[in-house]
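Structural overview for review
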Amino acid sequence: NAGVTQTPKFQVLKTGQSMTLQCAQDMNHEYMSWYRQDPGMGLRLIHYSVGAGITDQGEVPNGYNVSRSTTEDFPLRLLSAAPSQTSVYFCASRPGWQTDTQYFGPGTRLTVL
Amino acid sequence: SQQGEEDPQALSIQEGENATMNCSYKTSINNLQWYRQNSGRGLVHLILIRSNEREKHSGRLRVTLDTSKKSSSLLITASRAADTASYFCATVPSNTGKLIFGQGTTLQVKP
């Protein structure tokens, strides 16, 4: 198993540009989520999904959209990038809604100029 | 605001010493988890303790949970230089599936 994969690893955007961060898992996990990590802030939950077709907001959802058309994929869209969205983004998955271990991807480092 | 707060924010010890990190949270929980993050990498799950458990061990790790005080501690015994990393507690608030992280403790173990 590849586990949780994320692309790209690095990205530089200009203010106002849009892009999609890709996340995929091959473990048939129902639950997937996106976090951002800023220095000194730990990880903050952006959006999560408890299964295909179902998404919900986390702690800091503004400026981000998600969709879950398949069990495997959970892309994160930035519609109009802002410098405040400069961060490291982590995708994660786990087998079920209240199941134990969460598996993290390697992260995407995003800079918005 | 974040669910969990960790103390201390940074900890520096000598190899062989024990390291203790504390986590406090705000709401009732289903479980509390600890994760490790090496510099520039993703997070790795270390241990989970459920709300009806008081103590759990895994190798050199010992986790305690006091739900009356809404707090947990992670003890790493006989630390090694390879334990140098950031450690995060994360909670699953009751009746939710969200995993909410604290700000983390940065541990440096000097050889």
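Here, the structure is the one placed above.
If you're wondering where the values come from, they're calculated on a predicted model, not measured in any experiment.

Analysis parameters
Residues numbered from 1 in each chain as written. Chains lettered and ligands numbered in written order. Predicted model: local features only at pLDDT ≥ 70, side-chain atom pairs only at ≥ 80, totals over all residues. Heavy atoms only, no water. Phe/Tyr/Trp six-rings, centres within 6.5 Å; stacked < 30°, edge-to-face > 60°. Helix = DSSP H or I, 4+ residues; strand = E, 2+ residues; numbered from the N terminus. Buried < 20%, exposed > 50% of the residue type's maximum accessible area, 1.4 Å probe, protein only. Lys NZ or Arg CZ within 6 Å of the ring centre and 35° of its normal. Core = buried A, V, L, I, M, F, W, Y, C linked by side-chain atoms within 4.5 Å. Contact = heavy atoms within 4.5 Å. Pairing = 2+ DSSP bridges. Axes fitted to C-alpha atoms, helices over the stretch in contact; angles between N-to-C directions.

Quick look at the packing of aromatic side chains now. In this structure the tally under the stated criterion is eight aromatic pairs over all chains. Summarising the aromatic geometry, the rings of Phe104 of chain A and Tyr35 of chain B are spaced 5.7 Å apart at their centres and angled 85 degrees between planes, so their arrangement reads as edge-to-face. Remark: Tyr35 of chain B occurs in strand E4 (residues 29–37) and Phe104 of chain A occurs in strand E10 (residues 103–104); the pair is interchain, linking two chains. For the pair Phe104 of chain A and Tyr35 of chain B, one class covers both residues: buried. Taking the centre distance of 5.8 Å and the plane angle of 75 degrees together, the rings of Phe104 of chain A and Phe101 of chain B count as edge-to-face. Within this pair, whereas Phe104 of chain A is found in strand E10, its partner Phe101 of chain B is found in strand E10 (residues 100–101), the two belonging to separate chains. An identical accessibility class is assigned to Phe104 of chain A and Phe101 of chain B; each is buried. Each residue in the set Tyr35 and Phe104 of chain A together with Tyr35, Phe88 and Phe101 of chain B is aromatic and connected to the rest through ring pairs, giving one cluster. Directly above the ring of Phe74 of chain A sits Arg68 of chain A, whose terminal nitrogen or CZ lies 6.0 Å from the centroid. Between the NZ or CZ atom of Arg94 of chain A and the centre of the ring of Tyr31 of chain A, over which it lies, the distance is 3.8 Å.

Residues and elements named next belong to chain B. Counting 21 residues, the largest nonpolar core has Met21, Leu32, Trp34, Leu74, Ile76, Tyr87 and Leu107 as the members making the most contacts within it. At the level of elements, strand E3 (19–25), E4, strand E5 (43–50), strand E7 (61–66), strand E8 (71–76), strand E9 (85–93) and strand E11 (105–110) are the ones that each hand at least two residues to this core. Per-element accounting of this core gives the leading share, four residues, to E3. In this structure, Ile76 is in contact with Glu17, Asn18, Ala19, Met21, Arg60, Leu61, Asp83, Tyr87 and Leu107, ignoring residues within four places of it in sequence.

Let us look at the sheet that holds strand E1 (residues 4–7) of chain B. Residue and element names in this part refer to chain B. Read from one edge to the other, the open sheet built from five strands follows the order E1-E3-E8-E7-E6, with strand pairing classed as antiparallel. Edge positions in the sheet fall to E1 and strand E6 (55–58), since each of these pairs with one other strand and no more. Taken pair by pair, the neighbouring strands of this sheet meet at an average axis angle of 15 degrees, ignoring direction. Pairing geometry for E6 and E7, over four bridges, is antiparallel. Residue Ser58 lies in a different strand from E7, and its bridge partner there is Leu61.

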